[in-house]
Amino acid sequence: MPQTRYVIIGSSHAGLSAVEAIRLTDRDNPVFLLTQEDTLPYSPTILPYVVSGEADPEKIFLKDEDALKGSGVVYRRGEKVVGLDLHARSIILKSGEILDYDKLLLATGAAPVLPPVEGLEGVSCHVLRTLEDALGLRRAMEGSRSAVVLGGGLIGMHAAENLHKGGLKVTLVEALDQILPGYFDREAAGLIRDIFRENGIEVLTGSVVTRVFEDRGRCIVSLDSGEERTADLLLVATGVRPRIGFLTGSGIDAEEGVLVDERMRTTHPDVWAAGDVAQAPDFFDSGKKRIHATLVNAVEQGRIAGMDMAGDEALVPHPGGIAMNTYRFFGHRAFAVGLGGENSGELSPHHLVEKTGPRYRKIVLQGGRLVGASGINDGMDPGIIAELIRRKIPLQGLEERFISDPLGTGRVLMSRTWR
C-alpha cells in the first residue's frame, strides 16, 4: 500500500470509530488524531455525571495514551485547527504549525450557542459541552444553592437532574410548549416533565426569557410572564452549532454542517466528515441532508468514513441518518427512534399510555412498515426497532401482533432476516 498520512480532527466517538475502521485495513500508515482539548478522548454523554459527582473525571476516558500508541496513533492534545488549505493538502494550527495530510477527516463536533437574550452576554453563565465546562460547573456548585437551566433539550434535562442531585434547587426554563421537542411528542414529554416536577425540579415550558442580569452576585432571569427567577448559578443549554468556522473560504461546501454523501465524503475527494459536524443524507428523504447529532450516528459515520479513507472494499454506504436517542432519568428509561408521527396524515401512530409507572409506548407505521417508535419504561428494544426501520422489513399481516408485542414480534422478524 502506498504511503498515506491520515489526519483526523476530533477525538470523540466519530474520530475514534474512524481510527478503528482504518486500522482494520491499514495497520501501518500513520494516523494523527487531534483534539483542541487538553485531555484524553472521552464521551460528551458522561459530562452531566461529572457535574453531579457520579462520575470520576479521572476515569471517564475512552482510550489512554498506551492504547492510542499501540494503535499507531499520534495523539496531539491542545491543537486547535484554524484553517484548511485544500490545494496544499494541509491544515493550519493555532500555533502556526502546518500539518500535511493525504486523507483528512473532520470530526470537530459542535459548540454551544447562546440565544439572543438581553443581558445574557454580560452575566456569568455556564455551558456544558466539554470536560472543562463540566469541571467548571462542578466547582461553581460549591457554595451555590440554586440554579436556573435554560433549555429543555437532552443536555438541559440531564444537567438539571444532575444539578438537583448535587443538592441545588433547580428551575428549568424552556421557550417551547414542551420539553425534549426533538425526540418525544407532547404526551410523552408531559410524562417526563411530571417526573421532574415530582422530584422537586421546577419545569417551566412556554416561558420565554426576556432579560438576564446580575444583582449582588446572583443571576436574575426575567420571563415574558412578568415573573423572575433568581439563582446562584445559570446554565445555558439552548442549542449547539457545528464547529466549521475554520472552513470558511476553504472550498468545502457547508450549510448547517459539512455536506457529505453516503460514504461521508465532502465535496473534496481527500476530505471526509462525520459526527455532529456532518450534514448527511436523511434516511426518510435521501434528497435532504440533515445533522443527526447522536452518539449512534457519530460512531456509524466515523466507521464508514474510516473504511472509505482506507479503501476497505467491505464498506456498505450509510443508509441515511435516523433520529435515535435513549434517555435515563430519575430511574426511568425512555427512548425514541425514527419518525414521531405528529402532524402527518400519512403516518399511523398507535399509542399505549399508562399514567402509573408511568408507561408509554408509541409505534408509528407507514405503508406496512415501521418508521418510528418511542417509549417510557416500555420493554421495546431500541436496537431492534432501529434495525427494523433501517432494513425496511415489511409488517404486512403482523401489524396488530407487532403493536401488542413489539419486543417478541420484533425478535421473530429479525431472526427471519438473519437466516
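I will try to describe carefully the structure that is included in this document.

The rules behind each value
- Throughout this document, residue positions are counted from 1 along each chain, in the order its sequence is written.
- For a predicted model such as this one, the threshold for reporting local features is a pLDDT of at least 70, and the threshold for listing and counting side-chain atom pairs is 80 or more; totals across whole chains, interfaces and linings nevertheless cover every residue.
- Water and hydrogen atoms were dropped before computing side-chain values, which therefore reflect all heavy atoms in the structure.
- Helical segments are the DSSP runs of H or I of at least four residues, strand segments are the runs of E of at least two, and each set is numbered from the N terminus.
- We compute the radius of gyration from the C-alpha atoms alone; for a globule the expected value is 2.2 Å times N to the 0.38, where N is the number of residues.
- Remark: exposure states derive from per-residue accessible area (1.4 Å probe, protein chains only) relative to the maximum for the residue type, with buried under 20%, exposed over 50%, and partly exposed in between.
- In this analysis, two residues are considered to be in contact whenever any of their non-hydrogen atoms come within 4.5 Å of each other.
- By convention a crossover is right-handed if, when the strands point away from the viewer, the path from the first strand over the helix to the second runs clockwise.
- At least two DSSP bridges between two strands are needed for those strands to be called paired.
- One fewer than the residue count of a helix, multiplied by 1.5 Å, yields its expected span.
- Put simply, a nonpolar core is a bunch of buried Ala, Val, Leu, Ile, Met, Phe, Trp, Tyr and Cys residues held in one set by side-chain atoms that sit within 4.5 Å of each other.
- A fitted line through C-alpha atoms serves as each axis, taken over the contacting stretch for helices, and the angle formed by two N-to-C directions is quoted from 0 to 180°.
- Definition used for salt bridges: Asp or Glu carboxyl oxygen within 4 Å of a side-chain nitrogen of Lys or Arg.

### Here's the deal with the overall build of the protein chain
Link 1 in the chain: Counting its regular elements, the protein chain contains 10 helices and 25 strands.
Link 2 in the chain: Expected size for 419 residues packed as a compact globule is a radius of gyration near 22 Å; at 23 Å, the protein chain falls within 12% of this value.
Link 3 in the chain: With respect to the principal axes defined by its C-alpha atoms, the protein chain has extents near 65 × 65 × 35 Å.
Link 4 in the chain: Looking at the protein chain as a whole, 52% of its 419 residues are labelled buried.
Link 5 in the chain: For the protein chain, the proportion of contacts with a sequence separation of at least 24, taken over those separated by at least 6, is 61%.

### Re the pairing of strand S2 (residues 31–34)
Every regular strand shows the same layout, with side chains that alternate between the two sheet faces.
Link 1 in the chain: Residue alternation in S2 divides its side chains into two sets, Val31 and Leu33 and Phe32 and Leu34, and both sets are buried.
Link 2 in the chain: Remark: the strand S1 (residues 6–9)/helix H1 (residues 13–25)/S2 crossover connection has right-handed handedness.
Link 3 in the chain: Here S2 runs beside strand S3 (residues 73–76); their pairing, made up of four bridges, is parallel. By the bridge assignment for S3, leucine 34 is matched with arginine 76.

### Here's the deal with helix H6 (residues 186–198)
Because each turn of an α-helix spans 3.6 residues, side chains separated by three or four positions in sequence point in the same direction.
Link 1 in the chain: Relative to the 18 Å expected for 13 residues at 1.5 Å per residue, H6 spans 18 Å between its end C-alpha atoms, a close match to the ideal helical length.
Link 2 in the chain: Immediately beyond the C-terminal end of H6, within one or two residues, lies glycine 200, with a positive phi of roughly 100°.

### Focus on the side chain of asparagine 325
Link 1 in the chain: Tracing the backbone through its elements, the reader meets asparagine 325 in strand S21 (residues 324–329).
Link 2 in the chain: Once residues lying within four places of it in the same chain are set aside, the contact partners of asparagine 325 are Leu154, Tyr183, Thr294, Ala334, Phe335 and Ala336.

### Some points on unusual backbone geometry
Link 1 in the chain: The phi dihedral of arginine 216 is positive, around 50°, even though this residue is not glycine.
Link 2 in the chain: Locating arginine 216 in the fold gives a position in the loop between strand S12 (209–215) and strand S13 (218–223).
Link 3 in the chain: Its identity is not glycine, yet methionine 264 carries a phi of approximately 65°, on the positive side.
Link 4 in the chain: Since its relative accessible area comes to 0%, methionine 264 is described here as buried.

### Considerations on the nonpolar core
Link 1 in the chain: If you look at the biggest cluster of nonpolar residues, it comprises 50 residues, and the most contacted ones within it are Ile91, Leu104, Leu105, Leu106 and Val258.
Link 2 in the chain: Counting residues in hydrophobic clusters, the runner-up holds 41 residues, among them Ala160, Ile201, Leu233 and Ala334.

### Brief notes about the sheet that holds strand S11 (residues 202–205)
Link 1 in the chain: In spatial order, the strands read S11-S10-S9-S15; together these four strands make up an open sheet with parallel pairing. Two strands close off the open sheet at either side, each with one partner strand: S11 and strand S15 (233–236). Neighbour to neighbour, the strand axes of the sheet diverge by 15° on average, direction disregarded.
Link 2 in the chain: Bridge count for strand S9 (residues 146–150) against S15 is four bridges, and the pairing is parallel. Paired with leucine 150 across the bridge in S15 is valine 236.

### Some words on helix H8 (residues 382–390)
Link 1 in the chain: Among the nine residues that make up H8, seven are buried, leaving the element largely enclosed by the rest of the structure.
Link 2 in the chain: For H8, the set of buried residues is Pro382, Ile384, Ile385, Ala386, Leu388, Ile389 and Arg390.
Link 3 in the chain: Phi turns positive one or two residues past the end of H8, at lysine 392, with a value near 55°.

### Description of the pairing of strand S14 (residues 228–231)
Link 1 in the chain: Judged by which residues are buried, S14 turns out to be one-sided: Arg229 and Ala231 face inward and are buried, whereas Glu228 and Thr230, on the alternate face, are not.
Link 2 in the chain: The pairing of S13 with S14 spans four bridges and is classified as antiparallel. Within S14, the residue paired with valine 221 across the bridge is arginine 229.

### Some words on the sheet that holds S13
Strand pairing in a sheet relies on backbone hydrogen bonds. The paired strands run either parallel or antiparallel.
Link 1 in the chain: On the basis of which strands lie adjacent, the open sheet formed by three strands has the order S12-S13-S14 and antiparallel pairing. In this open sheet, the two strands that pair with only one neighbour each are S12 and S14. Adjacent strand axes in the sheet meet at a mean angle of 20°, parallel and antiparallel pairs treated alike.

### Observations regarding the pattern of salt bridges
Link 1 in the chain: Enumeration according to the criterion identifies 24 salt bridges in this entry.
Link 2 in the chain: Residue arginine 89 is joined to aspartate 270 by a salt bridge in which the shortest nitrogen-to-oxygen separation is 3.4 Å. Taken as a pair, arginine 89 in the loop between strand S4 (81–85) and strand S5 (90–93) and aspartate 270 in the loop between strand S17 (258–259) and strand S18 (271–273) lie far apart in primary sequence, 181 residues in all.
Link 3 in the chain: Taking relative accessible area as the criterion, arginine 89 reaches 31% and is therefore assigned partly exposed.
Link 4 in the chain: Exposure remark for aspartate 270: the relative accessible area of 18% places this residue in the buried category.
Link 5 in the chain: Note that arginine 359 and aspartate 378 form a salt bridge whose closest N and O atoms lie 3.2 Å from each other. Taken together, the residues arginine 359 in strand S24 (residues 359–366) and aspartate 378 in the loop between strand S25 (369–376) and H8 connect sequence positions 19 residues apart.
Link 6 in the chain: For arginine 359, a relative accessible area of 24% translates into the label partly exposed.
Link 7 in the chain: Three or more residues joined by partner-sharing salt bridges are found here, namely Glu300, Glu387, Arg390 and Arg391.

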